[in-house]
Amino acid sequence: MMRVAPGFTLSRYLALIFLRWIVGFFLLGSAIIFLADAVELIRRSVDRESFSAADAVLASFYKTPSLTEEFLPFAVLFGAIAAFLALNRRLELAVMRAAGVSVWQFIMPGLVVVMLLGVAATTLYNPLSAAARERSEVLSARVLGKETRMLTGGTRSVWFRQEGPSGGSIMHASAASSDGLTLYRVEVHLFDLENRFAGRIEADTATLGNGEWTLYRVTQYDRNGARSDLTSARVETKLTPVEVREAVARPDAISFWQLPNAVELARRAGLPTHRFALQQQVLLARPLLLAAMVLIAASVSLRLVRLGGMARAVTGGVIAGFVLYIASAVASDLGEAGAVGPVYAAWLPGLAAALIGATTLLYTEDG
């Protein structure tokens, strides 16, 4: 059969259909994630003296963008499946096939849309979500107080040991800023040069600078338990900002545009760089991963919708998405552990999924 190239009007029409379904699923998923996180945060903090419904809702609102970044590939997968089902239900796919438009030609507008979405998600949405996540951590620490560490799936509790001229100390924080240099809801267990317990400090915040942590709104206890309230206090440390960032900061909380600097700082300090390098490569590989989702959606739905198997198309998409998610998670774990290079860990899952989807389409549509 002779193939004809779709015109600009048809390509734009198909692109808008893909965009509408993908954005619709993304907004729906974002709303569900926000509501679930807000309800959980309110449930855990409603009996606290520091509880504020407005702060709890704002904390969840600011955290939602970072959570939805992981949901974006699934929004693309289910949005693409829904787009194919809608086109089939209105017999538009049958008309395009009869007019000689190949499967690759009516998939191409969707691929262009999701790759542009991937670029925007990496360069624009990720920096916004990182900044919003930092604000969310501050609000969560305020709402939950010292119980922040108990929040499952929320802000991360931080523990680390450090040495100073007067002895060592163990620091614990309920939350940390994206670079790890500001800690919230801090507890410091002090030890002398002979490693004997020397006291404990509690503080609302702690900031690193000039070889010491400066703590604010402090409650201090000596080794005998005597209490004193102070405006500020200082704890000396031999840790450098780069070492703290490597130990405390989460790569997924650092903006895409700041990741190259984080990698370079860690390299200069002689520290492992694979966590930050992996996150950078994951973000760079996002357009490919989203394109792979469209190919998978086409491979599990196009043939089945012609046979009336809508339920099987959706089930196939769920299974394919779950398998790809597991593969990506395993590759990321290997990359974070340094067992696999960041480039391979970030790019191989999306590349493999794209090749499998394209091969399936070649076999079912052109074979």
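Refer to the structure presented above.
Small disclaimer: the values here were computed from a predicted structure and weren't measured.

### Describing the overall build of the protein
For step 1, the next point in the chain: Counting its regular elements, the protein contains 10 helices and 6 strands.
For step 2, the next point in the chain: Burial status across the protein gives 48% buried among its 367 residues.
For step 3, the next point in the chain: By element, 64% of the accessible surface of the protein is carried by carbon and sulfur atoms, the whole surface being about 17800 Å².

### Some thoughts on the nonpolar core
For step 1, the next point in the chain: Counting 41 residues, the largest nonpolar core has Val 76, Phe 84, Phe 106, Ile 107 and Leu 302 as the members making the most contacts within it.
For step 2, the next point in the chain: For this core, the secondary structure elements donating two or more residues are α1 (8–45), α2 (53–89), α3 (92–98), α4 (103–144), α8 (286–306), α9 (310–336) and α10 (342–366).
For step 3, the next point in the chain: By residue number, the principal contributor to this core is α8, which donates 12 residues.
For step 4, the next point in the chain: Dropping the residues within four chain positions of it, Ile 107 is found in contact with Phe 84, Val 294, Ala 298, Leu 302 and Leu 361.
For step 5, the next point in the chain: Counting 20 residues, the second-largest nonpolar core is a separate cluster that includes Leu 181, Val 188, Leu 190 and Trp 213.

### Description of the sheet that holds strand β6 (residues 227–236)
Two modes of strand pairing occur in sheets, parallel and antiparallel, and in both the strands are linked by backbone hydrogen bonds.
For step 1, the next point in the chain: Strand order across the open sheet formed by 6 strands is β1-β2-β3-β4-β5-β6, with antiparallel pairing between neighbours. Edge positions in the open sheet fall to β1 (158–164) and β6, since each of these has one partner strand only. With direction set aside, neighbouring strand axes in the sheet form an average angle of 30°.
For step 2, the next point in the chain: Here strand β4 (residues 197–209) runs beside strand β5 (residues 212–222); their pairing, made up of 10 bridges, is antiparallel. Counterpart to Thr 205 in the pairing with β5 is Tyr 216.

### Here's the deal with the pairing of β1
For step 1, the next point in the chain: A one-sided burial pattern is seen for β1, the buried positions being Val 158, Phe 160, Gln 162 and Gly 164 and the unburied ones Trp 159, Arg 161 and Glu 163.
For step 2, the next point in the chain: Note that β1 and strand β2 (residues 167–176) share 7 bridges and pair antiparallel. Bridging across to β2, Trp 159 finds its partner in His 172.
For step 3, the next point in the chain: With antiparallel pairing between neighbouring strands as the criterion, β1 and β2 make up a hairpin whose turn holds 2 residues.

### With respect to helix α7 (residues 274–284)
For step 1, the next point in the chain: Most of α7 sits out of view: 8 of its 11 residues are buried.
For step 2, the next point in the chain: Turning to α7, its buried residues are Arg 275, Phe 276, Ala 277, Leu 278, Gln 279, Gln 280, Gln 281 and Leu 283.

### Regarding the packing of α1 against α2
For step 1, the next point in the chain: Close contact between α1 and α2 brings their axes to 5 Å; oriented N to C, the two are set at 145°. The way α1 lies across α2 gives a crossing that is right-handed.
For step 2, the next point in the chain: Residues that form the contact of α1 with α2 fall into these classes: 29 nonpolar, 6 polar and 2 charged.

### Regarding the packing of aromatic side chains
Two numbers describe a pair of aromatic rings. These are the distance of the centres and the angle of the planes.
For step 1, the next point in the chain: This model, assessed by the stated rule, comprises 10 aromatic pairs.
For step 2, the next point in the chain: Taking the centre distance of 5.8 Å and the plane angle of 55° together, the rings of Phe 74 and Tyr 325 count as tilted. In this pair, Phe 74 sits in helix α2 while Tyr 325 sits in helix α9, placing the two residues 251 residues apart along the sequence.
For step 3, the next point in the chain: Judged by centre distance (6.2 Å) and plane angle (75°), the rings of Phe 191 and Phe 197 are edge-to-face.
For step 4, the next point in the chain: Each residue in the set Trp 21, Phe 25 and Phe 78 is aromatic and connected to the rest through ring pairs, giving one cluster.
For step 5, the next point in the chain: Positioned above the aromatic ring of Phe 191 is the side chain of Arg 161, whose terminal nitrogen or guanidinium carbon lies 5.5 Å from the ring centre.

### Considering the side chain of Ser 169
For step 1, the next point in the chain: Here Ser 169 lies in strand β2.
For step 2, the next point in the chain: On the basis of relative accessible area, Ser 169 is assigned to the buried category, the value being 3%.
For step 3, the next point in the chain: Not counting residues up to four positions away in its chain, the partners in contact with Ser 169 are Phe 160, Arg 161, Gln 162, Val 188, His 189, Leu 190, Phe 191 and Val 235.

### Overview of the environment of Tyr 125
For step 1, the next point in the chain: For Tyr 125, the position within the fold is in helix α4.
For step 2, the next point in the chain: Relative accessible area serves as the criterion here: at 27%, Tyr 125 is assigned to the partly exposed category.
For step 3, the next point in the chain: Taking the C-alpha atoms as reference points, Tyr 125 and Glu 69, 56 residues apart in sequence, are found 8.4 Å from one another.
For step 4, the next point in the chain: Ignoring any residue separated from it by four or fewer positions in sequence, one finds Tyr 125 in contact with Phe 26, Pro 65, Thr 68, Glu 69 and Ala 120.

### Some remarks on the environment of Leu 193
For step 1, the next point in the chain: Tracing the backbone shows Leu 193 in the loop between β3 (182–191) and β4.
For step 2, the next point in the chain: Since its relative accessible area comes to 67%, Leu 193 is described here as exposed.
For step 3, the next point in the chain: Distance in space between the C-alpha atoms of Leu 193 and Pro 165 is 8.2 Å, their sequence separation being 28 residues.
For step 4, the next point in the chain: Excluding its chain neighbours within four sequence positions, the residues that come into contact with Leu 193 are Pro 165, Ser 166 and Gly 167.

Procedures and definitions
- Residues numbered from 1 in each chain as written.
- Predicted model: local features only at pLDDT ≥ 70, side-chain atom pairs only at ≥ 80, totals over all residues.
- Heavy atoms only, no water.
- Helix = DSSP H or I, 4+ residues; strand = E, 2+ residues; numbered from the N terminus.
- Buried < 20%, exposed > 50% of the residue type's maximum accessible area, 1.4 Å probe, protein only.
- Areas by Shrake-Rupley, 256 points an atom, 1.4 Å probe, with all protein chains shown as cover.
- Core = buried A, V, L, I, M, F, W, Y, C linked by side-chain atoms within 4.5 Å.
- Contact = heavy atoms within 4.5 Å.
- Pairing = 2+ DSSP bridges.
- Axes fitted to C-alpha atoms, helices over the stretch in contact; angles between N-to-C directions.
- Left-handed = near helix turned anticlockwise from the far one by under 90°.
- Nonpolar A, V, L, I, M, F, W, Y, C, P; charged D, E, K, R; others polar.
- Phe/Tyr/Trp six-rings, centres within 6.5 Å; stacked < 30°, edge-to-face > 60°.
- Lys NZ or Arg CZ within 6 Å of the ring centre and 35° of its normal.

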